[in-house]
Amino acid sequence: MDFQLSDEQLALRDTARRFAEEEIKPVAAGFDQSGEFPRGLIEKAWHLGLMNLLVPEEYGGAGLGVMDACFIWEELAWGCGGVATSTMVNDLGLLPVLVGGSEGQKREWLGSLTRDFTLIAFCLSEPEAGSDVAGMQLSVEKDGDSYILNGTKCWITNGGEADCYTLFGSMDRASRHKGICSFVLQSDLPGITKGKKEDKLGQRASDTRVLHFDNVRVPASQRLGEEGEGFRIAMQTLDFSRPGIAAMATGIAQRALDESTAYAKDRKAFGNPIGDYQAIQFLLADMAKDIEAARLLTFQSGWMIDQGANASKYSSIAKCFATDACMKITTDAVQVHGGNGYTKEYPVEKLMRDAKLMQIYEGTNQIQRVVIARQLLNQ
Ligand code: CAA
């Protein structure tokens, strides 16, 4: 086992760290307050090669493995969770094409993401089917050489900004997961309407929308995999993307520790810097040990995916552990800052708000525990 990063991995991490420090950090609070989508910043990340990380080189991408991509996602989230989510979601959106697409579909859709600045969103959740993917209602009807889509998707990250979508719908609701199909489609097709942007607690720079599909016609050539294969494609996509959420949670948590350590050296109480007191030292030490554990679990799950192993359980363990740790660490960071931490003068209240979403999206942490427990009991 070798924990030494290669020169290439160090260079990747440095590029992302510099972008987070110099480009994201200075504007993060502004985008948080305005809730505006940071399109210019995301486009800069695209030009620097910090997006579409999992696209293989033959389609113009960086061809990174999940583990290497995690180095980048952690650093971007150190700068801002909302901005990092907006960039990382392109990899989530393109994964169904990578997992279930034909050679021609990969060439066309993955190639277009790397040729021009293009956003792609992953459309899975519905108002009545968030955790219960197999219960989705969006209907898919075959009509000659096309499919007709009717229904609603919700909580779609980059939904209002994306140029294309990967989307899941049901051909037969009674068959639950066996009836689900997956598609890749342009976002401006007739019949698609975008709902209002959600006014969220945290990660406010990211664009989260309801999308309505009213008799949307999609050519059969844009179906990913076979009819009924959509559920497997969605699950494999989530297995591959959850280490990315763990990585971003680690980045947010690391930022909370960095801010808290600096504050503990600077802020005085009872005549001494508060870092001189065990009450604060123990909080900082607990943050540091949970961050190290989260980072190792993240890299392990990414590494397993890169080795072609079934990483479902490990992706869920990493996502669940890192995001729960992130919530605790950012809450403790506010505690270290005392009253100051509860104001927008300091960055830690934003970190705490941004952290909350990590425990909810890409499968709530209750669902992660379901995945882990099922694998334990079915072994
Ligand atoms: N890989 C491949 N196949 C899988 C699989 C996996 N990881 N997980 C399950 N399957 C297969 C099963 O083997 C089973 O196959 P058979 O037909 O051969 O029996 C089939 O799929 C059905 O599996 P389950 O019985 O386990 O299905 P279920 O209905 O009980 O649901 C679940 C399982 C884990 C709860 C799933 O619904 C789930 O993951 N829910 C959470 C959804 C989620 O994460 N949503 C996030 C949305 S995206 C987002 O949040 C992004 C964002 O904004 C940034």
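Residues numbered from 1 in each chain as written. Predicted model: local features only at pLDDT ≥ 70, side-chain atom pairs only at ≥ 80, totals over all residues. Heavy atoms only, no water.

1. Section: the overall build of the chain
Piece 1. The helix and strand tally for the chain stands at ten helices and ten strands.
Piece 2. The C-alpha radius of gyration of the chain comes to 21 Å, within 12% of the 21 Å expected for a compact globule of 379 residues.
Piece 3. Referenced to the eigenvectors of the C-alpha coordinate spread, the extents of the chain come out at roughly 80 × 45 × 40 Å.
Piece 4. In the chain, which comprises 379 residues, the share counted as buried stands at 56%.
Piece 5. Of the contacts formed within the chain by residues at least 6 apart in sequence, a portion of 75% connects residues at least 24 apart.
Piece 6. For the chain, the accessible area works out to roughly 16300 Å², and carbon and sulfur atoms hold 52% of it. (Helix = DSSP H or I, 4+ residues; strand = E, 2+ residues; numbered from the N terminus. Rg over C-alpha atoms; globule rule 2.2 N^0.38 Å. Buried < 20%, exposed > 50% of the residue type's maximum accessible area, 1.4 Å probe, protein only. Contact = heavy atoms within 4.5 Å. Areas by Shrake-Rupley, 256 points an atom, 1.4 Å probe, with all protein chains shown as cover.)

2. Brief notes about the site of the ligand
Piece 1. Looking at the ligand, there are 25 residues lining it, with Ser131, His177, Arg242, Glu362 and Arg374 nearest.
Piece 2. Measuring from an oxygen atom of the ligand, one finds a side-chain N or O atom of His177 at 2.6 Å.
Piece 3. Note that a nitrogen atom of the ligand is positioned 2.8 Å from one of the side-chain N or O atoms of Asp239.
Piece 4. In the complex, the protein chains occlude 70% of the 1100 Å² of accessible area that the ligand would expose alone.
Piece 5. Those elements giving two or more residues to the shell around the ligand turn out to be helix H4 (81–100), strand S3 (146–157), helix H6 (230–266) and helix H10 (365–378).
Piece 6. Sort the elements by how many residues they give to the shell around the ligand and H6 lands first, with six residues.
Piece 7. Classifying every residue of the shell around the ligand by side-chain character gives twelve nonpolar, eight polar and five charged. (Near = heavy atom within 4 Å. Polar contact = N/O pair within 3.5 Å; in protein donor to acceptor, adjacent residues only side chain to side chain. Nonpolar A, V, L, I, M, F, W, Y, C, P; charged D, E, K, R; others polar.)

3. Details of the nonpolar core
Piece 1. Residues Trp73, Tyr165, Phe183, Leu185, Phe213 and Met248 are the most contacted members of the largest nonpolar core, which totals 115 residues.
Piece 2. For this core, the element with the highest residue contribution is H6, accounting for 14 residues.
Piece 3. Those residues in contact with Phe183 that lie beyond four places of it in its chain are Val140, Tyr147, Leu149, Tyr165, Thr166, Leu167, Val218, Gln222, Arg223 and Leu224. (Core = buried A, V, L, I, M, F, W, Y, C linked by side-chain atoms within 4.5 Å.)

4. Describing the domain arrangement of the chain
How big an interface is tends to be stated in terms of accessible area lost as the parts join.
Piece 1. Assigned domains within the chain: domain 1 (7–115), domain 2 (120–228) and domain 3 (231–377).
Piece 2. Inter-centroid distance (C-alpha atoms) of domain 1 to domain 2 is 22 Å.
Piece 3. The interface is formed by 25 residues belonging to domain 1 together with 24 residues belonging to domain 2.
Piece 4. Interface area, domain 1 with domain 2, both sides summed: about 2000 Å², of which 61% is carbon and sulfur.
Piece 5. Inspection of the region where domain 1 meets domain 2 yields one salt bridge.
Piece 6. A salt bridge links Arg39 to Glu161; the shortest N-O distance between them is 3.2 Å.
Piece 7. Where the side of domain 1 that touches domain 2 is concerned, the elements lending two or more residues are helix H1 (7–34), H4 and helix H5 (103–115).
Piece 8. A total of 13 residues in the side of domain 1 that touches domain 2 trace back to one element, the largest contributor, which is H4. (Domains from an automatic or database assignment. Buried area = accessible area lost by both parts, 1.4 Å probe. Salt bridge = Lys/Arg side-chain N within 4 Å of Asp/Glu carboxyl O.)

5. Observations concerning the packing of helix H3 (residues 66–79) against H6
Piece 1. Axis separation between H3 and H6 bottoms out at 7 Å; the angle between their running directions is 40°. Accordingly, the angle class assigned to the pair H3 and H6 is oblique. Both H3 and H6 take part in a crossing whose hand is right-handed. Contacts between H3 and H6 involve Val66, Cys70, Trp73, Glu74, Ala77, Trp78 and Gly79 from the former and Phe240, Pro243, Gly244, Ala247, Met248, Thr250, Gly251, Ile252, Gln254, Arg255 and Asp258 from the latter.
Piece 2. For the contact of H3 with H6, the residue count by class is ten nonpolar, five polar and three charged. (Axes fitted to C-alpha atoms, helices over the stretch in contact; angles between N-to-C directions. Parallel < 35°, antiparallel > 145°, perpendicular 65-115°, else oblique. Left-handed = near helix turned anticlockwise from the far one by under 90°.)

6. What about the packing of aromatic side chains?
Piece 1. One pass over the structure, following the stated rule, counts seven aromatic pairs.
Piece 2. Its guanidinium or amino end placed over the ring of Trp78, Arg255 lies 4.8 Å from that ring's centre, counting from NZ or CZ. (Phe/Tyr/Trp six-rings, centres within 6.5 Å; stacked < 30°, edge-to-face > 60°. Lys NZ or Arg CZ within 6 Å of the ring centre and 35° of its normal.)

7. Some details on helix H9 (residues 348–358)
Piece 1. Among the eleven residues that make up H9, nine are buried, leaving the element largely enclosed by the rest of the structure.
Piece 2. Those residues of H9 that sit buried are Val348, Glu349, Lys350, Leu351, Arg353, Asp354, Ala355, Leu357 and Met358.

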